[in-house]
Amino acid sequence: MLTGAGIDAATAAAGILLARGLGPDGRGTFAALWLLPRVLTPLATLGMGDASTYLFSRERALGRRLFNQAFIFSPFLGLASAALALPFLGLYLRQYDASVTQLAIVIMCVALPTGIWNDSLTAMLRGCKAYGAMNAIRILQPVSELVVIVGLYFTGNLTVLTLSIEHILTAGVLCPAIQCWFLRDYVQFRPTLSWAVLRQTFSYGLQTQSGVLAQVASNRLSWVLLVTMLPPAGLGLYVVATTAAEALMLFPQAFSLILLPEVASRSQADGVHLTHRVFRLNGVILLVAASGLIVLLPFLIGLIYGPAFLGAVAPARVLAAGVVCYGLTTMLGESLKGLNRPLYTTIAYATGASLTLVLLFVLTPRLGIVGAAAATSAGYLVSLIAT
């Protein structure tokens, strides 16, 4: 929990500097550039990460084979996904100039392979229950980025380009290198595969992938559409609104990280009992925290981000209610994966994502970013009910 608090503090501090240094327009441009890699990375893994966590938590002897498998497939899946996405960049970034599109091409080709590699290594740490190493990596990235951003901000070099370079080096080079050190007993940089492990990985992974697809659609679909529907400044306000609301994810994220391996390593009855206890505890915490946040949002956003971002207050209030539902749904989804029922999450996320898609087209043209927030929150609520 302390790790989560440290991560949120570092992320919030970096977000404040980004907003103040770039303004709504620059903040929206940076979000648009990095949104697509963040959306595509979990989709491009084909469930390899969740499968590695599940298989490794049940049989440690598979460690070297799983590591080698991730080493081979990460660049292949990443570059293939980038190649499929590049033809659509012009449409996606139609409200931005050509220089932004050119930078987006470079980011896609670098961030997708390294992102899949990073996620695969994190999944292995989860699988072997190396929670200390996981927490070290989780806090290392935002803290490292904050240090660099502080330097860029106070030297007057904080731009979309310098931020992008910093993010690639931190998330794509530094974090994977340290994770490899933590997994050094399983490191095997050899271009060979175990077809038996490969079959197990993608048999399990493709079952979870449909749920991941629905989850990404429910959680990030509004962002993708807003990039095409809003000018950069409007997107910048929505980024701040989302950041403020997602502060509530501190508790559910902490518990979600351990639920899959903990439930997978227990009997079904014990796993269900653990899930019930965690769900009730987090439900109470989230409701209390969300109530306080909704009241304080005008003061907090004005004080922290400045008057230019007060337009984010209304959508942030709407999103806060939705984040409560999303946090609880995330925990239930991880528990279902641990119970070897990953397809159950698909229905829940797909139902919420479908509603979000319809409401985005209906509400956003009429209500702007408040309408997008309402559509997203409605999808989160439906996902929780379906779960």
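Look a little higher up for the structure.
We now turn to the structure provided with this report. Given the structure is predicted, the values throughout are model-derived calculations rather than measurements.

Thoughts on the overall build of the protein
Line of reasoning, step 1. Secondary structure assignment for the protein yields 14 helices and zero strands.
Line of reasoning, step 2. For the protein, the sequential pattern of α-helices and β-strands runs α-α-α-α-α-α-α-α-α-α-α-α-α-α.
Line of reasoning, step 3. For 387 residues, the compact-globule estimate of 2.2 N^0.38 gives 21 Å, and the C-alpha radius of gyration of the protein, at 20 Å, lies within 12% of that figure.
Line of reasoning, step 4. The C-alpha extent of the protein, read off along each of the three principal axes, is 55 × 45 × 35 Å.
Line of reasoning, step 5. For the protein, the residues scored as buried account for 55% of the 387 residues in total.

Points about the packing of aromatic side chains
Any two aromatic rings considered together are summarised by their centre-to-centre distance and by the angle between their planes.
Line of reasoning, step 1. Enumeration over the complete set of coordinates arrives at nine aromatic pairs.
Line of reasoning, step 2. Connected via pairs of aromatic rings, a cluster forms that spans F67, F71 and W117.
Line of reasoning, step 3. Sitting above the plane of the F56 ring, R60 keeps its charged end 6.0 Å from the centroid.
Line of reasoning, step 4. A cation over an aromatic ring shows up here: R184 above the ring of W181, its NZ or CZ 4.1 Å from the ring centre.

What to know about the packing of helix α6 (residues 131–154) against helix α10 (residues 250–264)
Line of reasoning, step 1. Relative orientation of the contacting elements α6 and α10 amounts to 155°, with a least axis distance of 12 Å. Relative to α10, the element α6 lies roughly antiparallel. The interaxial crossing formed by α6 with α10 has right-handed handedness. When α6 is examined against α10, the residues Y131, M134 and R138 are found in contact with a partner set consisting of L257, I258, P261 and E262.
Line of reasoning, step 2. Here the contact of α6 with α10 is composed, by residue class, of five nonpolar, no polar and two charged.

A word on the packing of α10 against helix α12 (residues 313–338)
Line of reasoning, step 1. Between α10 and α12, whose axes approach to 7 Å, the crossing angle comes to 15°. It follows from the interaxial angle that α10 and α12 lie roughly parallel. Judged by the twist between their axes, the crossing of α10 over α12 is right-handed. From α10, P252, F255, S256, L259, L260, V263 and A264 reach across to α12, where they touch G327, T330, M331, E334, S335, K337 and G338.

So, helix α7 (residues 160–182)
Line of reasoning, step 1. For α7, built from 23 residues, the straight-helix expectation of 33 Å at 1.5 Å per residue is met to within 8% by its first-to-last C-alpha distance of 32 Å.
Line of reasoning, step 2. The sharpest bend along α7 comes to roughly 30°, located at T170.

Some points on the environment of Q188
Line of reasoning, step 1. Note on placement: Q188 falls in the loop between α7 and α8 (195–229).
Line of reasoning, step 2. Sequence-wise, Q188 and R65 are 123 residues apart; in three dimensions their C-alpha atoms are separated by 8.0 Å.
Line of reasoning, step 3. With residues near it in sequence (within four places) discarded, Q188 still touches R64, F67 and N68.

Let's talk about the pattern of salt bridges
Line of reasoning, step 1. Using the criterion set out here, one finds two salt bridges in the structure.
Line of reasoning, step 2. Residue R126 pairs with E334 through a salt bridge whose shortest N-O separation is 2.9 Å. Of the two residues, R126 is situated in helix α5 (residues 98–127) and E334 in helix α12; the sequence distance between them amounts to 208 residues.
Line of reasoning, step 3. By relative accessible area, E334 is classed as buried at 10%.
Line of reasoning, step 4. Across the salt bridge formed by E262 and R266, the nearest N and O atoms sit 3.6 Å from each other.

Notes on α6
Line of reasoning, step 1. An ideal rise of 1.5 Å per residue puts 34 Å on 24 residues; α6 measures up with 35 Å between its terminal C-alpha atoms.
Line of reasoning, step 2. The largest bend along α6 reaches roughly 25° and is located at L140, with the proline P142 sitting one to four residues downstream.
Line of reasoning, step 3. All of the buried residues along α6 are A133, M134, I137, Q141, P142, S144, E145, L146, I149 and L152.
Line of reasoning, step 4. Looking one or two residues beyond α6, the residue adopting positive phi is G156, at roughly 75°.

Thoughts on unusual backbone geometry
Line of reasoning, step 1. Its identity as a non-glycine residue notwithstanding, L46 has a phi of 55°, on the positive side.
Line of reasoning, step 2. Here L46 is to be found in the loop between α1 (2–44) and α2 (48–58).
Line of reasoning, step 3. Residue L46 is classed as partly exposed on the basis of its relative accessible area, which comes to 32%.

Section: a nonpolar patch on the surface
Line of reasoning, step 1. Residues L161, I165, L169 and V173 make up a contiguous nonpolar surface patch of roughly 370 Å² in combined accessible area.
Line of reasoning, step 2. Along the polypeptide, L169 turns up in helix α7.

Some words on the side chain of T170
Line of reasoning, step 1. Its location among the elements puts T170 in helix α7.
Line of reasoning, step 2. A polar contact of 3.0 Å, which involves the side chain of T170, links it to the backbone oxygen of E166.

Topic: the environment of G6
Line of reasoning, step 1. Along the chain, G6 turns up in helix α1.
Line of reasoning, step 2. On the basis of relative accessible area, G6 is assigned to the partly exposed category, the value being 23%.
Line of reasoning, step 3. Taking the C-alpha atoms as reference points, G6 and R138, separated by 132 residues in sequence, lie 9.5 Å from one another.

What counts, and where the lines are drawn
- Residues numbered from 1 in each chain as written.
- Predicted model: local features only at pLDDT ≥ 70, side-chain atom pairs only at ≥ 80, totals over all residues.
- Heavy atoms only, no water.
- Helix = DSSP H or I, 4+ residues; strand = E, 2+ residues; numbered from the N terminus.
- Rg over C-alpha atoms; globule rule 2.2 N^0.38 Å.
- Buried < 20%, exposed > 50% of the residue type's maximum accessible area, 1.4 Å probe, protein only.
- Phe/Tyr/Trp six-rings, centres within 6.5 Å; stacked < 30°, edge-to-face > 60°.
- Lys NZ or Arg CZ within 6 Å of the ring centre and 35° of its normal.
- Axes fitted to C-alpha atoms, helices over the stretch in contact; angles between N-to-C directions.
- Parallel < 35°, antiparallel > 145°, perpendicular 65-115°, else oblique.
- Left-handed = near helix turned anticlockwise from the far one by under 90°.
- Contact = heavy atoms within 4.5 Å.
- Nonpolar A, V, L, I, M, F, W, Y, C, P; charged D, E, K, R; others polar.
- Expected span 1.5 Å × (residues − 1).
- Bend = angle between axes of the 7 residues up to and from the residue.
- Salt bridge = Lys/Arg side-chain N within 4 Å of Asp/Glu carboxyl O.
- Patch = residues over 30% accessible without salt bridge, like charges linked within 9 Å, V, L, I, M, F, W, Y side chains within 5 Å.
- Areas by Shrake-Rupley, 256 points an atom, 1.4 Å probe, with all protein chains shown as cover.
- Polar contact = N/O pair within 3.5 Å; in protein donor to acceptor, adjacent residues only side chain to side chain.

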